[in-house]
Amino acid sequence: MISTLVEMNAHQAPAPDVVRLALTESALAAADSLWRAEMQRNYGPDGVLIYAFSPEGQGGLGTTLRQTYEARRVAVALWRHERHRG
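These notes cover the structure that comes with them. Please read all numbers here as calculations on a predicted model, not as lab measurements.

1. Quick word on the environment of isoleucine 50
And step 1. Of note, isoleucine 50 is situated in helix α3 (residues 47-51).
And step 2. Taking relative accessible area as the criterion, isoleucine 50 reaches 54% and is therefore assigned exposed.
And step 3. C-alpha separation for the pair isoleucine 50 and methionine 39, spaced 11 residues apart in sequence, amounts to 9.9 Å.

As structure tokens, this is what we get:
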């Protein structure tokens, strides 16, 4: 999923594209959902509220939590880029 978004981002368009924006929003929603689920699995129902902005929210190297955190981070960056395009 992330590699597809990176490939999409490599082709610059002169103006905002609503389809690309919708795709990046969808990818962000999916990545965020996976990260939130992993946070809940690791830290319980309040895990996102307690640890989202701390190192615990990133997870350790090689963990599923880190993988979901990184996927979410990339999805946020691509969505922001697409939103501010043009």
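2. Thoughts on the side chain of arginine 66
And step 1. Structurally, arginine 66 is set in helix α4 (residues 64-83).
And step 2. Despite its burial, arginine 66 pairs with no opposite charge, the nearest such side chain being glutamate 70 at 4.3 Å.
And step 3. Here the side chain of arginine 66 touches glutamine 58 through a polar contact of 3.1 Å, landing on its backbone oxygen.
And step 4. What arginine 66 contacts, discounting residues up to four positions off in sequence, is Gln58, Gly59, Gly60 and Leu61.

3. Comments concerning helix α2 (residues 18-43)
And step 1. End to end, α2 covers 36 Å across 26 residues, agreeing with the expected 38 Å (1.5 Å per residue, within 8%).
And step 2. If you check which residues of α2 are buried, you get Arg20, Thr24, Ala27, Leu28, Ala31, Asp32, Trp35, Glu38 and Met39.
And step 3. Capping of α2 at its N-terminal end is provided by aspartate 17; its side-chain oxygen lies 2.9 Å from the backbone amide nitrogen of valine 19.
And step 4. Glycine 44 lies just past α2 and shows a positive phi near 90°.

Calculation rules
Each chain has its residues counted from 1, running along the sequence as written. Under the rules for a predicted model, residues below a pLDDT of 70 receive no local features and side-chain atom pairs below 80 are neither given nor counted, while totals for whole chains, interfaces and linings still include all residues. Values reported for side chains reflect all heavy atoms of the structure, with hydrogen atoms and water molecules removed beforehand. The secondary structure listing takes helices from DSSP runs of H or I that are at least 4 residues long and strands from runs of E that are at least 2 residues long, numbered from the N terminus. The rule is simple: take the accessible area with a 1.4 Å probe, protein chains only, and divide by the maximum for that residue type; under 20% is buried, over 50% is exposed, in between is partly exposed. A positive count includes Lys and Arg, and a negative count includes Asp and Glu. His and the chain ends are not counted in either. A carboxyl oxygen of Asp or Glu within 4 Å of a side-chain nitrogen of Lys or Arg is what we treat as a salt bridge. Pairs of N or O atoms within 3.5 Å make up the polar contacts considered here, provided that, within protein, one atom can donate a hydrogen while the other can accept it, and that residues adjacent in sequence are counted only when both atoms are side-chain atoms. Contacts: residue pairs with any heavy atoms within 4.5 Å of one another. The length a helix should cover is 1.5 Å for every residue beyond the first.

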